[in-house]
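This is what each chain is made of:
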Amino acid sequence: MKKLSLAIALLFAPLVAQAWPWSDDMANQISVKPQASPNKAAPGATLFPSRSVPAPGTATSSITVKDADAAVKLANPVAADAKSVETGHQLFTVYCTPCHGTSGTGDGKVGEKLILRPFDLTSDTLAEQPDGYIFGMMTFGGAVMPVYANDLSPTERWHVINYIRKGLRNAPAAQAAASAQ
Ligand code: HEC
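Residues numbered from 1 in each chain as written. Predicted model: local features only at pLDDT ≥ 70, side-chain atom pairs only at ≥ 80, totals over all residues. Heavy atoms only, no water.

**Student:** Give me the side chain of Ser-103: which residues, what numbers.
**Tutor:** Counting through the fold element by element, Ser-103 comes out in the loop between α5 (97–100) and α6 (124–128). Engagement of the side chain of Ser-103 in a polar contact is seen with the side chain of Thr-105, the distance being 2.6 Å. (Helix = DSSP H or I, 4+ residues; strand = E, 2+ residues; numbered from the N terminus. Polar contact = N/O pair within 3.5 Å; in protein donor to acceptor, adjacent residues only side chain to side chain.)

Next comes the structure, spelled out in structure tokens:
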């Protein structure tokens, strides 16, 4: 009897130590581990072949101008029609509302926590700035404002600008905020 229980105990010993040869098969694969460099897993390899693009999608050419000063001079090449404004609205909701809020006045949940509060995108000051100024802000960021050059293609950035101009500023929330001042 003693012998049998010893045999059973020995049988399960590797299990306790997680030492069965197949115990870590799932963990040890050729795939790249979280936080690991792809080069470490496959020396000499890069994660994506050069010039590859996400599918479906297009390569976002992140920077199209030298700096924010040069961006100010850019003319908006995207007509502010209803479709562009709608696309801009969707992108704005995803990328800008956390800080600038749905009203655009800067009352987003993340914005509330920042030392430098997000500027009011419905302000008259911004209305007087050329579209290129907003393009520069999205492309290069500000002191706190993040860079959106890699998240939004140049065309998408112009859609957002069209929304800020035609949708956001005319939105009921913005009008309410303006009349409350
Ligand atoms: C993480 C918070 C945050 C997000 C997200 C954010 N912003 Fe900002 N934004 C700011 C802050 C803070 C400022 C104040 C200026 C600075 O940071 O230098 C600002 C300023 C601006 C200004 C300058 C306004 C003026 O009157 O001069 C523009 C334009 C702007 N943001 C547009 C956008 C757009 C468009 C998006 C979405 C693509 C966006 N922001 C997303 C935080 C944010």
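That shown, we press on.
**Student:** I'd love a proper account of the coordination of the iron atom of the ligand, names of residues and values included.
**Tutor:** His-100 (NE2) and Met-145 (SD) make up the full set of protein donors to the iron atom of the ligand, lying at 2.0 Å. Given the relative accessible area of 22%, Met-145 is considered partly exposed. (Donors = N, O, S within 2.8 Å, 3.2 Å for Na, K, Ca; no water. Buried < 20%, exposed > 50% of the residue type's maximum accessible area, 1.4 Å probe, protein only.)

**Student:** Could you give an account of the site of the ligand, with specific residues and numbers?
**Tutor:** For the ligand, the set of nearby residues contains 23 residues, the closest of which are Cys-96, Cys-99, His-100, Tyr-133 and Met-145. In this structure, an oxygen atom belonging to the ligand sits 2.9 Å away from a main-chain N or O atom of Val-144. Between the ligand and Met-145, the relevant distance is 2.9 Å, taken from an oxygen atom to a main-chain nitrogen or oxygen of the residue. Looking at the shell around the ligand element by element, the count peaks at four residues for helix α7 (residues 131–140). Looking at side-chain class alone, the shell around the ligand contains 21 nonpolar, two polar and no charged residues. (Near = heavy atom within 4 Å. Nonpolar A, V, L, I, M, F, W, Y, C, P; charged D, E, K, R; others polar.)

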